[in-house]
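Reading the structure
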Amino acid sequence: MAPDPRPRLSLEERVVARLHLKRHLRRLLLGRRRLAIALTAVVLTTAGLLADGRVVRAALESVFSSAVGGSVTISRFRWTGWGSARLAGIRLRAPGWDGPAGEIAALDSMDVDVDVLPLLAGRVIIRDLDATGLRLRPSDPHTNGELSVFALAPKAGGDGALGIGALRVERATLTDAQASVQRMLGDMPVPVANFRFTASI
């Protein structure tokens, strides 16, 4: 049997080696504990932001406004389940247009199924959209024939069935919709043409 080439450690050296190993393991466990605490804090903060309807509503308003090139406001937002939400009182205004002529569209309510995690990156991926009570009102404030809808400047890009910028909609249904082309007489919009429709993408 060949002799062991490794040097034999004295009792004192073995004790010192064990102490170093214990310190190393303690540091490793402490580092993992700190990492676990940091990850837990990130998850809880993220969950808090997503649970707060005001934060999500503001993010949706920003993405929708950028996508259509106008000013979108949402009166009410509430989660109805994981990734499911109901939006109500949605308005679209043309940039640079004042008064009633500037409101291009109003939507009573919209139920959406969204991918939740992309919201953190400022992207809205809508798997399913069901909108009710859309009223389109492109207005001409004068007699020059310029409709408010032409003031919209949507951002290019996107993907999916309908994709503009950071917004992607895969399936959409629109019920009880009406469109009205209006001409302004003073401060009052007067309909020139009206029609109702239902659509599905």
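The following refers to the structure shown. (Residues numbered from 1 in each chain as written. Predicted model: local features only at pLDDT ≥ 70, side-chain atom pairs only at ≥ 80, totals over all residues. Heavy atoms only, no water.)

**Re the packing of aromatic side chains**
Inspection of the entire model under this criterion finds one aromatic pair. Relative to W79, the ring of F77 has its centre 5.2 Å away and its plane inclined at 85°; by these criteria the two rings are edge-to-face. Given the relative accessible area of 24%, W79 is considered partly exposed. (Phe/Tyr/Trp six-rings, centres within 6.5 Å; stacked < 30°, edge-to-face > 60°. Buried < 20%, exposed > 50% of the residue type's maximum accessible area, 1.4 Å probe, protein only.)

**Regarding the environment of P95**
In this fold, P95 is placed in the loop between β2 (84–93) and β3 (103–114). Judged by relative accessible area, P95 falls into the partly exposed class, the value being 40%. Residue contacts for P95: discarding those within four places in its chain leaves G69, G70, A151 and L152. (Helix = DSSP H or I, 4+ residues; strand = E, 2+ residues; numbered from the N terminus. Contact = heavy atoms within 4.5 Å.)

**Points about unusual backbone geometry**
A positive phi is found at D176, a non-glycine position, where the angle reads about 55°. Structurally, D176 can be placed in strand β8 (residues 172–185).

**Side note on the pairing of β3**
The buried count for β3 comes to nine of 12 residues, which makes it a mostly enclosed element. When β3 meets strand β4 (residues 124–136), the two strands line up antiparallel, connected through nine bridges. Of the residues in β4, the one forming a bridge with S109 is T132. (Pairing = 2+ DSSP bridges.)

**Overview of the environment of F77**
Structurally, F77 can be placed in strand β1 (residues 71–81). Exposure remark for F77: the relative accessible area of 12% places this residue in the buried category. Between the alpha carbons of F77 and R57 there is a distance of 6.1 Å; along the sequence they are 20 residues apart. Residues contacting F77, with those up to four places away along its chain left out, are G53, V56, R57, L60, A85, R86 and L87.

**Remarks on a nonpolar patch on the surface**
There is a patch of nonpolar side chains on the surface, built from L11, V15 and L19 and spanning about 280 Å² of accessible area. Structurally, V15 can be placed in helix α1 (residues 11–51). (Patch = residues over 30% accessible without salt bridge, like charges linked within 9 Å, V, L, I, M, F, W, Y side chains within 5 Å. Areas by Shrake-Rupley, 256 points an atom, 1.4 Å probe, with all protein chains shown as cover. Salt bridge = Lys/Arg side-chain N within 4 Å of Asp/Glu carboxyl O.)

**Describing helix α2 (residues 53–68)**
The terminal C-alpha atoms of α2, which comprises 16 residues, lie 22 Å apart, in line with the 22 Å expected from a rise of 1.5 Å per residue. Taken as a whole, α2 has its buried residues at G53, V56, L60, V63, F64, S65 and A67. In the segment just after α2, G69 is the residue with positive phi, at about 80°. (Expected span 1.5 Å × (residues − 1).)

**Here we look at the pattern of salt bridges**
The tally for this structure, following the rule as stated, stands at eight salt bridges. For R137, the salt bridge identified is with E103, shortest N-O distance 2.2 Å. One end of the pair, R137, is in the loop between β4 and β5 (139–140); the other, E103, is in strand β3, with 34 residues separating them in the sequence. We classify E103 as buried; its relative accessible area is 17%. Taking the shortest distance from any N to any O, the salt bridge between D128 and R171 comes out at 2.4 Å. You can see D128 sitting in strand β4 and its partner R171 sitting in the loop between β7 (167–169) and β8, a full 43 residues away along the chain. Take D128: its relative accessible area is 23%, and that puts it in the partly exposed class.

**Overview of the pairing of β1**
In this sheet, β2 lies alongside β1 in antiparallel orientation, the contact comprising nine bridges. Within β2, the residue paired with G81 across the bridge is S84. Here β1 folds back onto β2, and the loop between the two strands holds two residues, one of which, G83, carries a positive phi near 80°.

**Examining the side chain of S109**
If you trace the backbone, S109 turns up in strand β3. S109 sits in the buried class, given a relative accessible area of 16%. Ignoring anything within four residues of it in the chain, the contact list for S109 reads L87, A88, D130, A131 and T132.

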